[in-house]
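One letter stands for each residue in the lines below.
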Amino acid sequence: MSTGLLVALGLVAAYLMGSLSGSLLLARAFGRADPRSSGSGNAGATNALRTGGRGYGAAVLVFDLVKGVVAALLVPALLGLGFAAALACGAAAVIGHVYPVFFGFRGGKGAATLIGVLLALLPGALLLGLAVWIATLVASGYVGLATLLGMVGVSLATLFAPAAGLAAKVFVIVMTALIFYTHRENIQRLRAGTENRFERVMLRRRR
């Protein structure tokens, strides 16, 4: 089988894996309704936490993160693909999470699955991104803002890393653009001052 065909097969497999939405597949097991019908209206871990509680939210987070790891590591390994193709498979999984073919192309915002991909392929950049995410979250209480700035941290760590190749740099630029796009409503709410806060995680809570 040609390399091009193997890459195409890997991309399709990774996309289908990404389309397995954790919040929608686990909703029945946790006795929850479709999370897209309440809260922010998306099928991500944060909305699962808001609408279904900690157990449900944590399970969705782990599910979506693990599928990112599997899509970026296992799928390319089984097909004998290289690092650049693995990044492409990871991107396909994130796109599948955002636009899941099994659930009417209405999924989550891609952050948890992308974390799984970064953990598998770019762990150093992820470390900086998580540090920025935690610092932003405890300072502001805004998960969306923390996610956006965390991805900026991932991008900077990759773009300025001497060992990072072109494929990795293109990957983080495209994924950062996608995360900003999927969080466009969060950006609008932040500008309007109506974004929801998780004040429980803030170091200095409002009184």
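Structure first, text after, so check above.
These notes cover the structure that comes with them. (Residues numbered from 1 in each chain as written. Predicted model: local features only at pLDDT ≥ 70, side-chain atom pairs only at ≥ 80, totals over all residues. Heavy atoms only, no water.)

So, the overall build of the protein
- The helix and strand inventory of the protein stands at ten helices and zero strands.
- The order of helices and strands in the protein, counted from the N terminus, is α-α-α-α-α-α-α-α-α-α.
- Here the protein has a C-alpha radius of gyration of 17 Å; the compact-globule value for 207 residues is 17 Å, and the two agree.
- Considered along the principal axes of its C-alpha atoms, the protein spans approximately 60 × 40 × 25 Å. (Helix = DSSP H or I, 4+ residues; strand = E, 2+ residues; numbered from the N terminus. Rg over C-alpha atoms; globule rule 2.2 N^0.38 Å.)

Concerning the nonpolar core
- Among the nonpolar cores identified, the biggest contains 21 residues, and Leu114, Leu118, Leu121, Leu122, Met151, Phe171 and Met175 are the most heavily contacted of them.
- Counting only elements with at least two residues in this core, the list comes to α5 (83-98), α6 (111-121), α7 (123-140), α8 (143-159) and α9 (166-182).
- Of all the elements, α9 adds the most residues to this core, at six residues.
- Apart from residues lying up to four places away in sequence, Met151 is in contact with Leu114, Leu118, Val172, Met175, Thr176 and Ile179.
- If you look at the next biggest cluster of nonpolar residues, it comprises ten residues, including Leu6, Leu79, Ala85 and Ala92. (Core = buried A, V, L, I, M, F, W, Y, C linked by side-chain atoms within 4.5 Å. Buried < 20%, exposed > 50% of the residue type's maximum accessible area, 1.4 Å probe, protein only. Contact = heavy atoms within 4.5 Å.)

Describing the packing of aromatic side chains
- Using the criterion set out here, one finds one aromatic pair in the structure.
- Note on Phe30 and Tyr56: the rings are 5.6 Å apart at their centroids and 45° apart in plane angle, and the pair reads as tilted. Here Phe30 is found in the loop between α2 (22-26) and α3 (45-52), whereas its partner Tyr56 is found in helix α4 (residues 54-79), with 26 residues between them in sequence.
- In this structure, Arg184 is placed above the aromatic ring of Tyr181, and the distance from its NZ or CZ to the ring centre is 4.0 Å. (Phe/Tyr/Trp six-rings, centres within 6.5 Å; stacked < 30°, edge-to-face > 60°. Lys NZ or Arg CZ within 6 Å of the ring centre and 35° of its normal.)

What to know about the packing of α5 against α6
- Running from N to C, α5 and α6 cross one another at 165°; their axes reach a closest spacing of 9 Å. As the angle between them shows, α5 and α6 are arranged roughly antiparallel. Seen from above, α5 lies across α6 with right-handed handedness. Here Phe83, Ala86, Leu87, Gly90, Ala93, Val94 and His97 of α5 come into contact with α6, specifically with Thr113, Leu114, Val117 and Leu121.
- Taken together, the residues that form the contact of α5 with α6 break down as eight nonpolar, three polar and no charged. (Axes fitted to C-alpha atoms, helices over the stretch in contact; angles between N-to-C directions. Parallel < 35°, antiparallel > 145°, perpendicular 65-115°, else oblique. Left-handed = near helix turned anticlockwise from the far one by under 90°. Nonpolar A, V, L, I, M, F, W, Y, C, P; charged D, E, K, R; others polar.)

Here we look at the packing of α7 against α8
- Look at α7 against α8: their axes get within 7 Å of each other, and the N-to-C directions meet at 150°. In terms of axis orientation, α7 runs roughly antiparallel to α8. Handedness of the crossing formed by α7 with α8: right-handed. For the pair formed by α7 and α8, the contact residues are Ala125, Leu126, Leu128, Gly129, Val132, Trp133, Thr136, Leu137 and Ser140 on the first element and Val143, Leu145, Ala146, Thr147, Leu149, Gly150, Gly153, Val154, Ala157 and Thr158 on the second.
- Looking at the contact of α7 with α8 residue by residue, the class counts come to twelve nonpolar, seven polar and no charged.

Quick notes on the side chain of Ser19
- Inspection of the secondary structure assignment puts Ser19 in the loop between α1 (3-18) and α2.
- The exposure class assigned to Ser19 is buried, which follows from its relative accessible area of 0%.
- Among all residues touching Ser19, those that are not within four sequence positions of it are Gly96, His97, Tyr99, Pro100, Val101, Phe102 and Phe103.

What to know about the pattern of salt bridges
- Under the definition given, this model contains three salt bridges.
- The salt bridge partner of Arg36 is Asp34, with a shortest N-O separation of 2.9 Å.
- Assessed through its relative accessible area of 31%, Asp34 is described here as partly exposed.
- Linking Glu195 and Arg189 is a salt bridge whose minimum nitrogen-to-oxygen distance equals 2.7 Å. (Salt bridge = Lys/Arg side-chain N within 4 Å of Asp/Glu carboxyl O.)

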